[in-house]
Amino acid sequence: MEYDFFPEPASTICGQLWANIFKFALDLKNYGDAYCAIISNPHEDSKNICLRRFIIVLCDHGATKVLCDGKLPFVGMTEKVEQELAWKAERSDIFVTPNVYKLLYSFHAYRNSWRRAASYIYQYSIRLRNEVNMDDTEKFPAALQERLEGLSAGINALQLADNGSSWIDSNHDDCFSLNHGLPHKRARNVLAVKFSPVSDPHYEALQYSVDVEMFEKEYALTLAQYLMSHIKDNNKFLGNLKLSKLVDVLINENFYDMAFMVILKFCKGSALKRELEQAFINLSEKCFSGVVTSPVGSSRKVNNFLLSSHDHATHTDGNINSSSVINQIEGHVHWETLELYLVCTKNYILHILTSFSPL
């Protein structure tokens, strides 16, 4: 008896059987058995299809801890798992739950692949910045909060990386590279514009890579933006601001720590001196900004702390002028704040000078 066809190879038939076992185990949510069925499958194509389905179902069912807790080692399949997760992250909504970028961060952090972890969390931060509109009053503050948490996680990851590799390529395509070997030097064939909420050309430089310092700078700017987003009249921060203007707005809104953080992160040399001087000028002007009502009803600006007599400034027909008292209290606070930051800045400058002095 003659046959006009050849039977399927044994590996294909075996692959189909293991694929059926995988499907039944997955339907029953026996993820350990499903994983065993995947690694036992001798047919590569069937094995890859099952692995892709495994990742999709885990994400859909919120069981992503299975991928990150280390109980399933994924020996020989970590690159394929990363590929599937990266593909899903790129095509998912930025606010989808569970967040695939965070999953990739955890996946690599568990394996001490700190540069890869930082790369994916940085991608997440970039997407939040580019895709969430500032006019969206509901999503924008949440996006800023997510960016702060992501940038903080990226800083931690790079600080845990080896000193020679504590940076990531600013070309995001590098994040999907499957070469596990650490590069010997930073990439110098790609020029990527460093995006920043600050439009000052002095601070918009072409970057080859993103290191801890760049993460910290972006974190500082995002934190400033987050603080300003909680002000009722937040139109002041819409659009791009030059660094000096940003510092002025922060000081006017009494975010002094944030203003000086931005200056110290972004300014060096003469620029640091100029920005610090301007910040202290603006801070000093707040000490003299009180407006007191005179007995005759006219309004005049006075120095709340150089009044020789309080009779005319604070009393009218025997009643205390409460607005004047409030101005004086606020003025005292501004003076104390000015003194505090003068001392802090002095100590900071002395620390920098002693750091470079010869032993």
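Since the structure is predicted, the reported quantities are computational estimates derived from the model, not experimental observations. (Residues numbered from 1 in each chain as written. Predicted model: local features only at pLDDT ≥ 70, side-chain atom pairs only at ≥ 80, totals over all residues. Heavy atoms only, no water.)

Q: Which parts of the structure should I look at to understand the overall build of the protein?
A: Within the protein, the regular secondary structure consists of 14 helices and 8 strands. Taken across its 359 residues, the protein has 43% of its residues classed as buried. The long-range share in the protein, meaning contacts at least 24 apart out of those at least 6 apart in sequence, stands at 62%. Accessible surface, the protein as shown: approximately 20800 Å² in total, 55% of it carbon and sulfur. (Helix = DSSP H or I, 4+ residues; strand = E, 2+ residues; numbered from the N terminus. Buried < 20%, exposed > 50% of the residue type's maximum accessible area, 1.4 Å probe, protein only. Contact = heavy atoms within 4.5 Å. Areas by Shrake-Rupley, 256 points an atom, 1.4 Å probe, with all protein chains shown as cover.)

Q: I tried to follow the environment of Met228 on my own but got confused; where do I start?
A: Looking at the element boundaries, Met228 is found in helix H9 (residues 212–229). Note on Met228: relative accessible area 1%, which makes it buried. For Met228 and Phe255, which are 27 residues apart along the polypeptide, the C-alpha to C-alpha distance reads 9.1 Å.

Q: Help me understand unusual backbone geometry, please; the structure alone is not making it clear to me.
A: Trans is the prevailing form of peptide bonds, just as negative phi is the prevailing case for residues other than glycine. A cis amide bond links Thr97 with the next residue in sequence, Pro98, at an omega value of 0 degrees. The residue Pro98 is located in the loop between helix H5 (78–90) and helix H6 (100–110) in this model. Located in the positive-phi region is Phe74, a residue other than glycine, with phi close to 50 degrees. Residue Phe74 is classed as buried on the basis of its relative accessible area of 0%.

Q: For this particular structure, what's the right way to read the packing of aromatic side chains?
A: By convention here, two paired aromatic rings are described through the distance between centres and the angle between planes. Evaluated as defined, the whole model comprises 5 aromatic pairs. With 5.2 Å between their ring centres and 50 degrees between their planes, Phe260 and Phe280 make a pair best called tilted. One end of the pair, Phe260, is in helix H11 (residues 256–266); the other, Phe280, is in helix H12 (residues 269–287), and 20 residues separate them in sequence. For Phe280, a relative accessible area of 12% translates into the label buried. The positively charged end of Arg111 is found above the aromatic ring belonging to Phe107, 3.9 Å away from the centroid. The lysine or arginine in question, Arg115, covers the ring of Trp167, its NZ or CZ lying 4.7 Å from the ring centre. (Phe/Tyr/Trp six-rings, centres within 6.5 Å; stacked < 30°, edge-to-face > 60°. Lys NZ or Arg CZ within 6 Å of the ring centre and 35° of its normal.)

Q: When you look at the environment of Glu149 in this model, what are you seeing that I'm missing?
A: Looking at where Glu149 falls in the secondary structure, it is placed in helix H8 (residues 139–160). A residue is classified by how much of its surface remains accessible, and Glu149, at 43% relative accessible area, is partly exposed. Distance from Glu149 to Ser125, taken between C-alpha atoms, is 9.1 Å for residues 24 residues apart in sequence.

Q: It is not clear to me how the packing of H5 against helix H7 (residues 114–131) should be interpreted in this structure. Could you clarify?
A: Each packed pair of helices is defined by two parameters, the angle between the axes and the distance between the axes. Orientation of H5 relative to H7, taken along the N-to-C sense of each, is 10 degrees, at an axis distance of 12 Å. With respect to their mutual orientation, H5 and H7 come out roughly parallel. Contacts from Glu82, Ala86, Ala89 and Glu90 of H5 reach H7 at Arg116, Tyr120 and Arg127. The class makeup of the residues in the contact of H5 with H7 is 3 nonpolar, no polar and 4 charged. (Axes fitted to C-alpha atoms, helices over the stretch in contact; angles between N-to-C directions. Parallel < 35°, antiparallel > 145°, perpendicular 65-115°, else oblique. Nonpolar A, V, L, I, M, F, W, Y, C, P; charged D, E, K, R; others polar.)

Q: For this particular structure, what's the right way to read the nonpolar core?
A: One recurring pattern in soluble globular proteins is that nonpolar side chains are buried together. By size, the foremost hydrophobic cluster in this structure holds 89 residues, and its most contacted members are Phe22, Phe54, Phe74, Leu85, Phe215, Leu250 and Val262. Discounting residues that sit within four places of it in the chain, Val262 has contacts with Leu243, Leu246, Val247 and Leu250. (Core = buried A, V, L, I, M, F, W, Y, C linked by side-chain atoms within 4.5 Å.)

Q: Sorry if this is basic, but what is going on with H7 here?
A: Structural remark: α-helix, 3.6 residues per turn; residues separated by three or four positions point the same way. Given a rise of 1.5 Å per residue, 18 residues ought to cover 26 Å, and the 26 Å separating the end C-alpha atoms of H7 matches this to within 8%. The buried fraction of H7 amounts to 16 of the 18 residues, a majority that puts the element mostly inside the structure. (Expected span 1.5 Å × (residues − 1).)

Q: Looking at this structure, how should I read the pattern of salt bridges?
A: Pairing between side chains of opposite charge can happen when their charged atoms approach one another. A complete count under the given rule lists 12 salt bridges for this structure. Between Glu90 and Arg91 there is a salt bridge; the shortest N-O distance is 3.3 Å. The salt bridge partner of Arg127 is Glu131, with a shortest N-O separation of 2.7 Å. Of this pair, Arg127 and Glu131 both sit in helix H7, 4 residues apart, which is roughly one turn of that helix. Arg127 gets classed as buried once you look at its relative accessible area, which sits at 15%. A relative accessible area of 45% places Glu131 in the partly exposed class. (Salt bridge = Lys/Arg side-chain N within 4 Å of Asp/Glu carboxyl O.)

Q: Help me understand the environment of Phe215 in this model?
A: The residue Phe215 is located in helix H9 in this model. Placed 61 residues apart in sequence, Phe215 and Gly154 show a C-alpha to C-alpha distance of 7.3 Å. Setting aside anything within four residues of it in sequence, one finds Phe215 in contact with Ala118, Tyr122, Leu151, Gly154, Ile155, Leu158, Ile168 and Val210.

Q: Please clarify how H6 should be interpreted in this entry.
A: Within H6, 8 of the 11 residues are buried, which leaves the element mostly enclosed by the surrounding structure. Those residues of H6 that are buried are in contact with helix H3 (44–60), helix H4 (65–68), H5, H7 and H8. The backbone nitrogen of Tyr101 lies 3.0 Å from a side-chain oxygen of the residue at the head of H6, namely Asn99. (Polar contact = N/O pair within 3.5 Å; in protein donor to acceptor, adjacent residues only side chain to side chain.)

Q: What is the right way to read the packing of H3 against H5 from this model?
A: Running from N to C, H3 and H5 point in directions that differ by 50 degrees, and their axes come no closer than 10 Å. Comparing their axes, H5 and H3 come out oblique. At the point where H3 passes H5, the crossing takes the right-handed sense. Each of Asn48, Leu51, Arg52, Ile55, Cys59 and Asp60 in H3 lies in contact with H5, whose residues at this interface are Lys80, Val81, Glu84, Leu85 and Lys88. (Left-handed = near helix turned anticlockwise from the far one by under 90°.)

The values reported here are purely geometric and, on their own, carry no functional implication.
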